[in-house]
Every structure is written in structure tokens, then in C-alpha cells.
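What follows is the residue order along each chain.
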Amino acid sequence: MKIICIGRNYTEHITELANEKPEDPIIFLKPDSAILPKNTPFVIPTFSNDIHYEVELLVKISKVGKHIDEQFAHKYYEEIGLGIDFTARDVQEKCKTKGLPWEKAKAFDGSAVIGNFYPKSQFKDINNINFSLQKNEAIVQNGNTSLMLWKIDELIAFVSQFFTLKTGDVIFTGTPAGVGKVNSDDYLMGYLEGEKVFSVQIK
Ligand code: ZN
């Protein structure tokens, strides 16, 4: 399976990183080796001094498709989840400055936290789902899918122009504002509509 990630999909997050609003969604990939195994701590890699959490709504692809029309995109996913796109922000800034690809900053081992998935029928409106990330005692990120610049169905239509979507592929739909650094001994918990769907110990 592959992981397709969307960058800059929430206005306030674009502002906090002083990025420009893109004309099209920004896409990058993580390999399956990036998935943090369940119940495993995230170990801060030695090549970065600035690992950021980015909580993101996840969409699991349920059938093969290419050039999917937006109006049929809803037929290609049945489950929604929540995860973290761990980012080595210092490495990413270097890559961005030099115009280089982001893989070292975004696709390293353990950089993809994938929580439990839930049937989309459980949600009243896919485009109005609340999610949040708690770090230790405090809620650090609060998002709602209504604030996405590109909605889930638009993202599926867009990315499937470039990549054949296969069963089991996961789309990370971008992070809302509030990203920040993790330190060892931090404890992260993700909530989907108020229900805890993952937790990660940082080491
Ligand atoms: Zn992200």
C-alpha cells in the first residue's frame, strides 16, 4: 500500500508556516515503511532537532481507481481515521530552501501514525468532522473537515489523476493550525468526534 499526503490544505496552517496558498493541492508520498507499528513509541530520529506533530484526518481507499470523477469519489472509500504526519521541520526547511524533495523530512521510518478506522456511515457529514490532538495535558490542534481548502472527494479526484488508487491506500488530508515540536516523554492522543482513536508515546 501507499500513503498519499496532502500539504497546505487548511488556511490557518499555511499562515503559521508563512507558506503561500497553492493553486493545486500539494502532494507527497510516504512508503509503507513509514508506518509506526501499533503500540510502539515514536523515537525521535537522530537527524532532526525539530520533529513536529501534524494531526490529520485519514481516508482509506476501498477500491482501485484512476481518473476518478469527483462526483463518484465517495464510492472509493468506506472508512475514516485519524493519524499523525510526523515531520522533521528543520530538514524540511532545508529541502524547501534548496528546492529539493521532502522525503527525508516526511517519509522516514515511524513518520506515519495511523489510528483506528471507522465506517464513514458513522459520521453525519464527511465535510463536518471534528478532530483534535492532545499533547500531555493540553489540546494542541483542533480541526474540522469543513475548513479544508480541498474536500475529501476533490482530493481523491485530484490525486487519482497522477496515481492509481489501490485498496488499502491511505490519504493524509492535511493538518490544521497548531503544529508544534515533540520532545521525549511527550504523550500524544488523537480524538475523532471526541473519541480517542490513537495514542503515541514519544521517546
Ligand atoms: Zn501533513
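Below: a short report on this structure. Along every chain, residues carry numbers that run from 1 in the direction the sequence is written. Selection of residues for local features in this predicted model requires a pLDDT of at least 70, selection of side-chain atom pairs for listing and counting requires 80 or more, and totals for whole chains, interfaces and linings are taken over all residues. Heavy atoms from the whole structure form the basis of all side-chain values; hydrogens and water molecules are not counted.

### Remarks on the coordination of the zinc ion
Link 1 in the chain: Taken together, the protein donors to the zinc ion comprise E54 (OE), E56 (OE) and D85 (OD), at separations of 1.9 to 2.1 Å.
Link 2 in the chain: Only nitrogen, oxygen and sulfur atoms qualify as donors, provided they sit within 2.8 Å of the metal or within 3.2 Å for Na, K and Ca; with water excluded from the atoms, sites may seem incomplete. Each donor residue of the zinc ion lies on the same chain, and together they follow the pattern E-x1-E-x28-D. Accessibility classification places E54 together with E56 in one group, the buried group. Three exposure classes are used, based on accessible area relative to the maximum for each residue type with a 1.4 Å probe and protein chains only: buried under 20%, partly exposed in between, and exposed over 50%.

### A closer look at the side chain of D186
Link 1 in the chain: Each helix is a run of H or I in the DSSP string that is no shorter than four residues. Each strand is a run of E no shorter than two, and both are numbered from the N terminus. In this fold, D186 is placed in the loop between β11 (180-181) and β12 (187-192).
Link 2 in the chain: Classification of D186 as buried rests on a relative accessible area of 8%.
Link 3 in the chain: Pairing of N or O atoms within 3.5 Å defines a polar contact, subject to two protein rules: one partner must be a possible hydrogen donor and the other a possible acceptor, and residues neighboring in sequence count only if both atoms are side-chain atoms. There is a polar contact of 2.8 Å between the side chain of D186 and the backbone nitrogen of N183.
Link 4 in the chain: It only takes one pair of heavy atoms within 4.5 Å for two residues to be counted as in contact. With residues near it in sequence (within four places) discarded, D186 still touches K135, N136, K181, V200, Q201 and I202.

### Examining the packing of aromatic side chains
Link 1 in the chain: Side-chain rings of Phe, Tyr and Trp (the six-membered ring for Trp) are treated as a pair once their centres are within 6.5 Å; stacked means planes under 30 degrees apart, edge-to-face means over 60, and tilted covers the remaining angles. Counted by the stated rule, this structure contains 7 aromatic pairs.
Link 2 in the chain: When the ring of F28 is compared with that of W102, the centres are 5.6 Å apart and the planes differ by 55°; the resulting orientation is tilted. With F28 in strand β2 (residues 26-30) and W102 in the loop between α2 (89-98) and α3 (103-106), this residue pair connects regions lying 74 residues apart in the sequence. W102 carries the same exposure label as F28, and that label is buried.

### Observations regarding helix α4 (residues 152-159)
Note on helix geometry: an α-helix contains 3.6 residues per turn, so any two residues three or four positions apart are oriented the same way.
Link 1 in the chain: Taken across its 8 residues, α4 has 6 buried, putting it largely inside the fold.
Link 2 in the chain: Taken residue by residue, α4 has I152, L155, I156, A157, F158 and V159 as its buried positions.
Link 3 in the chain: Considering only its buried residues, α4 is in contact with β1 (3-7), β2, β4 (55-61), β5 (77-85) and β10 (170-172).

### Looking at the sheet that holds β11
Link 1 in the chain: A sheet is described by the order of its strands in space; here 3 strands give the open sequence β6-β3-β11, paired in antiparallel fashion. The sheet is open, and its two edges are formed by β6 (87-88) and β11, each paired on a single side.
Link 2 in the chain: Where strand β3 (residues 51-53) and β11 come together, 2 bridges link them in antiparallel fashion. In the sheet register, Y53 faces β11, and the bridge partner there is G180. By definition, two strands form a pair when at least two bridges between them are found by DSSP.

### What about the pattern of salt bridges?
Opposite charge on two side chains allows them to pair when their charged atoms are near.
Link 1 in the chain: Between Lys or Arg on one side and Asp or Glu on the other, a salt bridge is scored when a side-chain nitrogen of the former is within 4 Å of a carboxyl oxygen of the latter. In this structure the tally under the stated criterion is 8 salt bridges.
Link 2 in the chain: Note that D169 is salt-bridged to K2, the shortest N-O span being 2.6 Å. Within this pair, whereas D169 is found in the loop between α4 and β10, its partner K2 is found in the segment before β1, the two being separated by 167 residues in sequence.
Link 3 in the chain: Among the residues examined, D169 registers a relative accessible area of 2% and is labelled buried.
Link 4 in the chain: Salt-bridge contacts for K30 lead to D85; the nearest nitrogen and oxygen are separated by 2.7 Å. Taken together, the residues K30 in strand β2 and D85 in strand β5 connect sequence positions 55 residues apart.
Link 5 in the chain: Residue class for K30 comes out buried when judged on its relative accessible area of 1%.

### So, unusual backbone geometry
Link 1 in the chain: Residue R8 is not a glycine yet carries a positive backbone phi of 50°.
Link 2 in the chain: Counting through the fold element by element, R8 comes out in the loop between β1 and α1 (11-16).
Link 3 in the chain: Phi is positive for D185, which is not a glycine, with a value near 80°.
Link 4 in the chain: Mapped onto the fold, D185 is located in the loop between β11 and β12.

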